[in-house]
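Inside the fold
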Amino acid sequence: MSEHEFYMRLALDNAKAMKGQTDPNPLVGAVIVNDHRIVGVGAHLKAGGPHAEIHALRMAGELAKGGTIYVTLEPCSHHGRTGPCAEALVAAGIKKVIIATLDPNPIVAGNGVSILEKANIEVIVGVCEEESRKMNEVFNKFIVKKQPFMTLKAATTLDGKISSYTWDSKWITSEEARLDVHHLRNENTGILVGVHTVIKDDPELTTRIPNGRNPLRIILDSTLRIPLKSKVLTDQKADTWIFTSENFNHEVKRELENLGVKVFVTKGKNRVDLQDTLNILGEQNVASVLIEGGGEVNASFLNEQLVDKLVLYVAPKLIGGKQSPSFFAGEGIEKMANAIELEELEINKIGKDFRYTGYPVYS
Ligand SMILES: NC(=O)c1ccc[n+]([C@@H]2O[C@H](COP(=O)([O-])OP(=O)(O)OC[C@H]3O[C@@H](n4cnc5c(N)ncnc54)[C@H](OP(=O)(O)O)[C@@H]3O)[C@@H](O)[C@H]2O)c1
């Protein structure tokens, strides 16, 4: 491993430690090195707080002068809630800036590098670029499209089923796999299910790990048939938002609003419009959403090509049956040639189960 890679990996590790607490901002880490010694380390801790470079500069103090900074994302150039980091690096006398990825944010995109180069600072871009890009896949989509990054998670048997023909679904996967899902919930701003899952399972949709953060609960319900006693409406453990269609029940909407639930009416005539749902979530600063099915909702998102990432927990069990639902329900895709393929597939063993993570490629 080269010296540049070594220090950039340290910056990446610092950034990754903040997973789940910076959104809608990116994960960013920085390391300042002077005369082969680390003199400052920093990470962006939360939106509105100082950027990683500023934390590292504060730690380095006078030792930043003449030093090299390794930063996982291009230093910013704009006056947002904090001052431009590129100017702070110039003022501190940094001599060299090594960057993993340029900032896709249209208001930065290369401007940070220009400020540095104009001040005669040597800039190198692209060290550990792929790792940094993947680390910020949520931010990279959100900042450009103003829509949340959508991860679809499902737990299935080896034959792809998410419940038996009697709708029994507890439990398909092992405790270890279910714990892993709670880490996914912790990392996402919102968690989304269809109203049928609420009716059948009455889930809490909370994060049950120490220091876990409960995501916003998002329910798709075209007519507002959700039972008013559902835990997601009454337990006060997290906010719940319901997305509905133009065909909603006005009286129930008032009752839901009295319970403190936000109801968004999408453009869909009789079914919740998913594109509109994503646009509204983006406007509300929701950067990432975990779709937790069931099969109908999963199918709609996959068919409309709105899933960015798939995480499938597969248990070594078989239940069979024409009536038992699969995680990708609906009509299905007509021809093999049009099947959705997953790229960058990773397979991990979790307890007795397997976790498949991949990115759908739509034909
Ligand atoms: N193993 C797992 O990972 C997992 C995860 C979740 C659920 N489950 C199981 O899945 C079962 C429920 O699955 P399900 O497929 O019947 O229900 P679902 O996906 O939870 O809900 C489907 C309902 O969502 C509503 N909806 C609103 N807009 C929609 C849209 N654009 N596209 C699709 N649906 C929309 C529809 O009802 P309206 O038209 O009335 O709005 C639809 O009937 C439960 O038994 C649960 O235990 C398993």
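The coordinates are above.
What you are looking at is a predicted structure, and each value in this text was computed from that prediction instead of being measured. (Residues numbered from 1 in each chain as written. Predicted model: local features only at pLDDT ≥ 70, side-chain atom pairs only at ≥ 80, totals over all residues. Heavy atoms only, no water.)

Some thoughts on the site of the ligand
- Taken together, 27 residues sit near the ligand, with His196, Thr197, Asp201, Arg225 and Ser300 positioned nearest.
- The separation between an oxygen atom of the ligand and a polar side-chain atom of Ser169 is 3.0 Å.
- Take Val297: an N or O atom from its main chain is 3.1 Å from an oxygen atom of the ligand.
- In isolation the ligand exposes 920 Å². Once the protein is present, 91% of that is buried.
- Under a 2 Å grid-point criterion requiring more than half of the atoms, the pocket assigned to the ligand is the largest pocket.
- Those elements that place two or more of their residues in the shell around the ligand are β6 (149–157), α8 (195–201) and α12 (295–303).
- For the shell around the ligand, the class distribution of residues is 10 nonpolar, 10 polar and 7 charged. (Near = heavy atom within 4 Å. Polar contact = N/O pair within 3.5 Å; in protein donor to acceptor, adjacent residues only side chain to side chain. Areas by Shrake-Rupley, 256 points an atom, 1.4 Å probe, with all protein chains shown as cover. 1 Å grid on protein atoms, 1.4 Å probe; cavity = no way out; pocket = protein on both sides within 12 Å on 5 of 7 lines; lining within 4 Å. Sits in = over half its atoms within 2 Å of the grid points. Helix = DSSP H or I, 4+ residues; strand = E, 2+ residues; numbered from the N terminus. Nonpolar A, V, L, I, M, F, W, Y, C, P; charged D, E, K, R; others polar.)

Structural notes on unusual backbone geometry
- Looking along the chain, the bond that leaves Asp23 and enters Pro24 is cis, with omega of 10 degrees.
- Residue position: Pro24 is located in the loop between α1 (3–16) and β1 (29–34).
- With an omega dihedral of -15 degrees, the bond running from Lys170 to Trp171 counts as a cis peptide bond.
- Mapped onto the fold, Trp171 is located in the loop between β6 and α7 (175–187).
- For Asn211, which is not glycine, the phi torsion reads 60 degrees and is therefore positive.
- Looking at the secondary structure, you find Asn211 in the loop between α8 and β8 (216–220).
- Judged by relative accessible area, which is 81%, Asn211 ranks as exposed. (Buried < 20%, exposed > 50% of the residue type's maximum accessible area, 1.4 Å probe, protein only.)

Notes on the sheet that holds strand β9 (residues 240–244)
- Sheet architecture is open: 9 strands sit in the order β10-β9-β8-β7-β11-β6-β12-β14-β13, paired in mixed fashion. At either end of the open sheet lies a strand with only one pairing partner, and these are β10 (262–265) and β13 (341–350). Along the sheet, successive strands turn relative to each other by an average axial angle of 20 degrees, direction set aside.
- One ladder, built from 8 bridges, connects β13 with strand β14 (residues 353–361); its direction is antiparallel. Residue pairing in the sheet places Glu343 in a bridge with Tyr359 of β14.
- Sheet strands in contact with helix α6 (residues 137–145) are β6, β11 (288–291), β12 (309–315) and β14, and its direction is about 135 degrees off that of β6. (Pairing = 2+ DSSP bridges. Axes fitted to C-alpha atoms, helices over the stretch in contact; angles between N-to-C directions. Contact = heavy atoms within 4.5 Å.)

Here's the deal with the side chain of Asn186
- Summarising the element assignment, Asn186 is placed in helix α7.
- Residues in contact with Asn186, not counting those within four places in the same chain, are Gly20, Thr207, Ile209, Asn211, Gly212 and Arg213.

A closer look at the layout of surface pockets
- Within this model, the largest pocket holds a volume of roughly 1,300 Å³.
- As for the largest pocket, its lining consists of 48 residues, of which Thr197, Asp201, Glu292, Gly293 and Gly294 are closest to the centre.
- Elements with a contribution of two residues or more to the lining of the largest pocket: β6, α7, β7 (190–194), α8 and α12.
- Among the elements that take part in the lining of the largest pocket, α7 stands out by supplying 6 residues, more than any other.
- Counted by class, the lining of the largest pocket contains 18 nonpolar, 14 polar and 16 charged residues. (Points joined across faces, edges and corners; volume = space filled by probe spheres on them.)

A closer look at the packing of aromatic side chains
- As enumerated under the stated definition, the model contains 4 aromatic pairs in all.
- Ring centres of Trp241 and Phe264 lie 5.2 Å apart, and the angle between their planes is 55 degrees; on these two criteria the pair is classed as tilted. With Trp241 in strand β9 and Phe264 in strand β10, this pair connects stretches of sequence that are 23 residues apart. In this structure, Trp241 and Phe264 share a single accessibility class: buried.
- Seen in terms of ring centroids, Phe243 and Phe264 are 4.9 Å apart; in terms of plane orientation they differ by 15 degrees. Their pairing is stacked. (Phe/Tyr/Trp six-rings, centres within 6.5 Å; stacked < 30°, edge-to-face > 60°.)

Note that all results are geometric; they support no functional claim without further evidence.
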